[in-house]
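# Structure assessment
Here's the letter readout for the chains.
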Amino acid sequence: MADNNKTLVRFNVQNIKFATPNGSGFNSPVAYGTATKMALQADSSVKKIFGDGRRICSIVNDKGKTGTMTTNNINDEYEVAMGRKIKTANGLAEIKQQKNISHCVYFETCGMAEDGSIPIAKTWLYGVTSARPAESFDQNTDDINE
């Protein structure tokens, strides 16, 4: 019998992990850190071909998805695995990225179903490449008057 309990909304991205390739597949997933946002957008287009005054075919160009992952902190282990940092005797050093490393990203989202249950959706993204992360630092403020 089919489960007709539909998930109404998805929220709360959590448990981001990444896995890098090895000779026979992928290494064990490594925890990235705390996530605040995962935004995925389809990257596709349709080219319409016309002839004799009418559309004779449509060619779909589906490039997958582009995305933005927002976290509370940049994971140094991830940056080393992606070739943007190296470990030195004095700590980490940023280096120029020489290539894109295709890897996998895993994350979970919570949902709210019609019956009030909260199912967990587990998502793997394969063939992921990434660019150097953007950084932004803010001064903390509070409501205490001096």
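Residues numbered from 1 in each chain as written. Predicted model: local features only at pLDDT ≥ 70, side-chain atom pairs only at ≥ 80, totals over all residues. Heavy atoms only, no water.

## Observations regarding the packing of aromatic side chains
Inspection of the entire model under this criterion finds five aromatic pairs. Taking the centre distance of 4.9 Å and the plane angle of 80° together, the rings of Phe18 and Tyr78 count as edge-to-face. Placement of Phe18 in strand β1 (residues 7-19) and of Tyr78 in helix α1 (residues 76-81) is noted, with a sequence separation of 60 residues between them. Taken individually, Phe18 and Tyr78 each receive the classification buried, so the pair is uniform in this respect. Residues Phe26 and Tyr126 carry aromatic rings whose centres are separated by 6.1 Å and whose planes lie at 65° to one another, so their mutual orientation is edge-to-face. Remark: Tyr126 occurs in strand β10 (residues 120-128) and Phe26 occurs in strand β3 (residues 25-26); sequence separation between them is 100 residues. A connected cluster of aromatic rings, assembled from ring pairs, spans Phe26, Tyr106, Trp124 and Tyr126. (Phe/Tyr/Trp six-rings, centres within 6.5 Å; stacked < 30°, edge-to-face > 60°. Helix = DSSP H or I, 4+ residues; strand = E, 2+ residues; numbered from the N terminus. Buried < 20%, exposed > 50% of the residue type's maximum accessible area, 1.4 Å probe, protein only.)

## Thoughts on the nonpolar core
If you look at the biggest cluster of nonpolar residues, it comprises 13 residues, and the most contacted ones within it are Val13, Ile16, Tyr32, Met38, Tyr78, Val105 and Phe107. Of all the elements in the fold, those that place two or more residues in this core are β1, β5 (35-51) and β9 (103-113). (Core = buried A, V, L, I, M, F, W, Y, C linked by side-chain atoms within 4.5 Å.)

## Focus: the layout of surface pockets
If a probe as big as a water molecule is rolled over the atoms, it shows which places are left empty. In this structure, the largest pocket encloses a volume near 1,000 Å³. In this structure, the largest pocket is lined by 33 residues; those nearest its centre are Thr68, Met69, Ser130, Ala131 and Pro133. Contributing elements (two or more residues each) for the lining of the largest pocket: β5, β6 (54-71), α1 and β10. Per-element accounting of the lining of the largest pocket gives the leading share, seven residues, to β6. The residue makeup of the lining of the largest pocket, split by class, is 14 nonpolar, 11 polar and eight charged. (1 Å grid on protein atoms, 1.4 Å probe; cavity = no way out; pocket = protein on both sides within 12 Å on 5 of 7 lines; lining within 4 Å. Points joined across faces, edges and corners; volume = space filled by probe spheres on them. Nonpolar A, V, L, I, M, F, W, Y, C, P; charged D, E, K, R; others polar.)

## Remarks on the environment of Gly23
Among the structural elements, Gly23 can be located in the loop between β2 (21-22) and β3. For the pair Gly23 and Ser130, spaced 107 residues apart in sequence, the C-alpha to C-alpha distance is 21 Å.

## A look at the environment of Arg55
Note that Arg55 resides in strand β6. Excluding anything up to four places from it in sequence, Arg55 contacts Lys48, Ile49 and Phe50. Side-chain polar atoms of Arg55 contact the side chain of Ser58, separated by 3.5 Å. (Contact = heavy atoms within 4.5 Å. Polar contact = N/O pair within 3.5 Å; in protein donor to acceptor, adjacent residues only side chain to side chain.)

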